[in-house]
Amino acid sequence: DVKVTQSSRYLVKRTGEKVFLECVQDMDHENMFWYRQDPGLGLRLIYFSYDVKMKEKGDIPEGYSVSREKKERFSLILESASTNQTSMYLCASTTLRLVPQETQYFGPGTRLLVL
Amino acid sequence: AQTVTQSQPEMSVQEAETVTLSCTYDTSESNYYLFWYKQPPSRQMILVIRQEAYKQQNATENRFSVNFQKAAKSFSLKISDSQLGDTAMYFCAFMKQGTTPRHFGAGTRLTVKP
């Protein structure tokens, strides 16, 4: 089974802090994604990566950055956390090598509270 | 632009009964995929069922089936013989073929009552 793990289930940070959210997948997937999930808004794409050291902006990249130094790890960085970044953050991955290719595998999520 | 609409924020159903969750989408594309994902309380989101737009036959996975109406741009999920473990948030998602998955509905919170 594909396993996608995230470093923390719950996180409490102060406004202005730099926050790192880590995601690791163990199935050699090429593609990795970061979403935020908010009530009434569903999932919104923040950033994604199709390969090591490659990154692309999603629909709401402002206030975030990402890093992908290794294929299995995709990090989301909040450069200076703000209260409007309080949310659930979901990581996901997919592979190009299997059919169906489009099915995403999600991590358990990190619920971030910024005070 | 593609949009996905789930018009039912919350639903409930009695155990063993059947429930249908609605989803509509808006697109001008002809090649795309539709998905239903399930997110149980405090657990990971998992794929329930997927449908390729070019397939006329509705997808089925055990107790889960879809009613895919391409002309109406409707993609509803039917859960038969509901079980307590079906209690979850359900998300409908759309993806144009060969692109990044980024279009999700707002979700429907389903509660199965004993």
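Look up a bit, the structure's there.
A quick note: this is a predicted structure, and the numbers were derived from the prediction, not measured.

A. Examining a nonpolar patch on the surface more closely. All names here are of chain A. On the surface, a nonpolar cluster with roughly 260 Å² of combined accessible area is contributed by Val12, Leu113 and Leu115. Among the structural elements, Val12 can be located in strand 2 (residues 10-13). When its relative accessible area of 52% is taken as the criterion, Val12 is described as exposed.

B. Spatial organisation of unusual backbone geometry. Residues and elements named next belong to chain B. Phi at Asn62 is positive, roughly 55°, even though this residue is not glycine. With respect to the helices and strands, the residue Asn62 is situated in the loop between strand 7 (60-61) and strand 8 (64-69). Judged by its relative accessible area of 77%, Asn62 falls in the exposed class. Positive phi, close to 55°, is recorded for Lys73, a residue that is not glycine. When you line up the elements, Lys73 lands in the loop between strand 8 and strand 9 (74-79).

C. Structural detail: the environment of Val112 of chain B. Residues and elements named next belong to chain B. On the secondary structure map, Val112 appears in strand 12 (residues 108-113). Placed 29 residues apart in sequence, Val112 and Gln83 show a C-alpha to C-alpha distance of 6.6 Å. Excluding its chain neighbours within four sequence positions, the residues that come into contact with Val112 are Val13, Gln14, Glu15, Ser82, Gln83, Leu84, Asp86 and Thr87.

D. Local environment of the state of the cysteines. Throughout the structure, instances matching the rule amount to two disulfides over all chains. Between the sulfur atoms of Cys23 of chain A and its disulfide mate Cys91 of chain A the distance is 1.9 Å. The chirality of the disulfide connecting Cys23 of chain A with Cys91 of chain A is left-handed, given an S-S dihedral of about -75°. Of this pair, Cys23 of chain A sits in strand 3 (residues 19-25) while Cys91 of chain A is found in strand 9 (residues 87-94), placing the two residues 68 residues apart along the sequence. By the burial criterion, Cys23 of chain A is buried, and Cys91 of chain A matches it. What pairs with Cys23 of chain B in a disulfide is Cys92 of chain B, and their sulfur atoms sit 2.0 Å apart. Taking the sign of the torsion about the S-S bond as the criterion, the disulfide between Cys23 of chain B and Cys92 of chain B, at about -70°, is left-handed. Remark: Cys92 of chain B occurs in strand 10 (residues 88-96) and Cys23 of chain B occurs in the loop between strand 3 (19-21) and strand 4 (24-26); sequence separation between them is 69 residues.

E. Region of the structure containing the pairing of strand 8 (residues 73-78) of chain A. Residue and element names in this part refer to chain A. In terms of residue burial, strand 8 counts as a mostly covered element, since five of its six residues are buried. Here six bridges tie strand 3 to strand 8, and the two strands are oriented antiparallel to one another. By the bridge assignment for strand 8, Val24 is matched with Arg73. Relative to strand 8, strand 7 (residues 64-70) runs antiparallel, the two sharing five bridges.

F. Expanded view of the interface of chain A and chain B. Chain A puts 23 residues into the contact, and the matching count from chain B is 19 residues. Carbon and sulfur atoms supply 51% of the area buried between chain A and chain B, which totals about 1,700 Å² over both sides. Put simply, chain A and chain B have one salt bridge between them. Among the ionic pairs, Asp59 of chain A bridges to Arg102 of chain B, the shortest N-O distance being 3.0 Å. The tally of links between chain A and chain B comes to eight residue pairs in polar contact (both at pLDDT 80 or more). Elements with a contribution of two residues or more to the side of chain A that touches chain B: strand 4 (31-38) and strand 5 (42-49) of chain A. If one sorts the elements of the side of chain A that touches chain B by residue count, strand 5 of chain A sits on top with four residues. Looking at side-chain class alone, the side of chain A that touches chain B contains twelve nonpolar, seven polar and four charged residues.

G. Representation of the packing of aromatic side chains. One pass over the structure, following the stated rule, counts 14 aromatic pairs over all chains. Pairing Tyr35 of chain A with Phe104 of chain B gives two aromatic rings, centres 5.4 Å apart and planes at 75°, and the pair type is edge-to-face. Here Tyr35 of chain A, found in strand 4, pairs with Phe104 of chain B, found in strand 11 (residues 103-104), and the two come from separate chains. Neither Tyr35 of chain A nor Phe104 of chain B differs from the other in exposure class; each is buried. Site record: aromatic cluster; members linked through ring pairs are Phe33, Tyr35, Phe48, Tyr50 and Phe106 of chain A together with Phe35, Tyr37 and Phe104 of chain B.

Rules and cut-offs
- Residues numbered from 1 in each chain as written.
- Chains lettered and ligands numbered in written order.
- Predicted model: local features only at pLDDT ≥ 70, side-chain atom pairs only at ≥ 80, totals over all residues.
- Heavy atoms only, no water.
- Patch = residues over 30% accessible without salt bridge, like charges linked within 9 Å, V, L, I, M, F, W, Y side chains within 5 Å.
- Areas by Shrake-Rupley, 256 points an atom, 1.4 Å probe, with all protein chains shown as cover.
- Salt bridge = Lys/Arg side-chain N within 4 Å of Asp/Glu carboxyl O.
- Helix = DSSP H or I, 4+ residues; strand = E, 2+ residues; numbered from the N terminus.
- Buried < 20%, exposed > 50% of the residue type's maximum accessible area, 1.4 Å probe, protein only.
- Contact = heavy atoms within 4.5 Å.
- Disulfide = S-S within 2.5 Å.
- Pairing = 2+ DSSP bridges.
- Buried area = accessible area lost by both parts, 1.4 Å probe.
- Polar contact = N/O pair within 3.5 Å; in protein donor to acceptor, adjacent residues only side chain to side chain.
- Nonpolar A, V, L, I, M, F, W, Y, C, P; charged D, E, K, R; others polar.
- Phe/Tyr/Trp six-rings, centres within 6.5 Å; stacked < 30°, edge-to-face > 60°.

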